[in-house]
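Summary of structural features
What follows is the residue order along each chain.
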2 protein chains.
Amino acid sequence: MPEAFPGRLAPECCPALLGAPLGEEQAVELARVFKALGDPVRLRLLSMIASRSGGEVCVCDLTPAFDLSQPTISHHLKLLREAGLIASERRGTWVYYRLLPAMTDRLAALLARPAAQRADVSTEEAS
Amino acid sequence: MPEAFPGRLAPECCPALLGAPLGEEQAVELARVFKALGDPVRLRLLSMIASRSGGEVCVCDLTPAFDLSQPTISHHLKLLREAGLIASERRGTWVYYRLLPAMTDRLAALLARPAAQRADVSTEEAS
DNA sequence: ACTTTAGATAGACAAACATCGATGCAATCG
DNA sequence: CGATTGCATCGATGTTTGTCTATCTAAAGT
């Protein structure tokens, strides 16, 4: 059961989605991470974990925040974990999750415009 | 056919996924955008569009870059368009796509760590 | 007006996904 | 030890998604 891809996402530093055409290989790996973010429940879970002051959240605090069964929450946490976005640790009876900021940092860098292409945002329309 | 959500994604400036627990409403809207990014083909399409120097790409240049049928590519472009990530314009026989940087900017800001929580990245492990 | 070419839409279908209830495993508490 | 509690895994099920072929529309050429 491959748990994320330990440190292998970006062979070079910054694939820069917006700066150069993405290779097929990298696209597959990146898509897996974005897919993990493509669900409202997982987004809220990640947000709850990331915004917790101590840096950690007990699953027992996450589960009751949703109108979903415990196995469903567990499944979503597993997907976030396999995407490399969070990590878990058991301490006694409870399991604690925490953010792995390396991955979110990477995504943020990937989506950031290279300064060259940046212009006044107000010149962008909608349709 | 609601074409993206024109400017309505972030009622306040920066929902800051990593800074405060995300509301259910915002999570649903955001998840739709991330889901659009959660496919290798769409990631490569977006990358090809965004990295083109002129800022525009003809569909006729995109389609032959994949081992997929023309309708499939058209379908992926539609999803990216509905997510608010790209826009299209017809000029004569051809249709040109371009990036809407407002959306990628927003995602990048959303995934960026609030400076408060930022620490040395080298202290992050994998599992 | 026909023909041709670029691209979008429609409908079908298999694979992937979100969810559930039932069960399993690990740790704590009587 | 047996019971209980926290969480993960399993198997089933309805929905969504990626892909295709066939067809449609729009523009341009002859």
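As a starting point, this report considers the structure included with it. (Residues numbered from 1 in each chain as written. Chains lettered and ligands numbered in written order. Predicted model: local features only at pLDDT ≥ 70, side-chain atom pairs only at ≥ 80, totals over all residues. Heavy atoms only, no water.)

What to know about the state of the cysteines
Residue and element names in this part refer to chain B. Summed over all chains, the structure comprises 2 disulfides over all chains. Here C58 connects covalently by a disulfide to C60, the sulfurs 2.4 Å from one another. Judged by the sign of its S-S torsion, about 130°, the cystine formed by C58 and C60 is right-handed. Classification of C60 as partly exposed rests on a relative accessible area of 42%. (Disulfide = S-S within 2.5 Å. Buried < 20%, exposed > 50% of the residue type's maximum accessible area, 1.4 Å probe, protein only.)

Examining the interface of chain A and chain B
Across the contact, 44 residues belong to chain A and 45 residues belong to chain B. Contact between chain A and chain B buries roughly 3600 Å² in total, counting both sides, with carbon and sulfur atoms accounting for 68%. Per-residue buried area on chain A facing chain B is highest for L43, R44 and L111 of chain A; these three make up 14% of the total on that side. In this structure, the connection of chain A to chain B is made through 4 salt bridges. When the shortest N-O distance is used, the salt bridge between R113 of chain A and D105 of chain B registers 2.3 Å. Elements with a minimum of two residues in the side of chain A that touches chain B: α1 (24–37), α2 (40–50), β3 (94–99) and α5 (101–111) of chain A. Among the elements that take part in the side of chain A that touches chain B, α1 of chain A stands out by supplying 8 residues, more than any other. Per-class residue counts for the side of chain A that touches chain B are 27 nonpolar, 8 polar and 9 charged. (Contact = heavy atoms within 4.5 Å. Buried area = accessible area lost by both parts, 1.4 Å probe. Salt bridge = Lys/Arg side-chain N within 4 Å of Asp/Glu carboxyl O. Helix = DSSP H or I, 4+ residues; strand = E, 2+ residues; numbered from the N terminus. Nonpolar A, V, L, I, M, F, W, Y, C, P; charged D, E, K, R; others polar.)

Looking at the sheet that holds strand β2 (residues 86–91) of chain B
Residues and elements named next belong to chain B. Strand order in the open sheet made by the 3 strands is β1-β3-β2, with antiparallel pairing throughout. Across the chains shown, the open sheet's two edge strands, defined by having one partner strand only, are β1 (57–58) and β2. With 6 bridges joining them, β2 and strand β3 (residues 94–99) adopt antiparallel strand pairing. Bridge pairing in β3 links R90 to V95. Running at roughly 120° to β2, helix α4 (residues 70–82) makes contact with β2 and β3 of the sheet. (Pairing = 2+ DSSP bridges. Axes fitted to C-alpha atoms, helices over the stretch in contact; angles between N-to-C directions.)

Comments concerning the side chain of S47 of chain B
Of note, S47 of chain B is situated in helix α2 (residues 40–50). Accessibility expressed as a relative area gives 0% for S47 of chain B, which makes it buried. Reaching out from S47 of chain B, the side chain makes a polar contact with the backbone oxygen of A20 of chain A at a distance of 2.8 Å. In this view, S47 of chain B contacts L17, A20, P21 and L22 of chain A; residues no more than four positions away in its chain are not counted. (Polar contact = N/O pair within 3.5 Å; in protein donor to acceptor, adjacent residues only side chain to side chain.)

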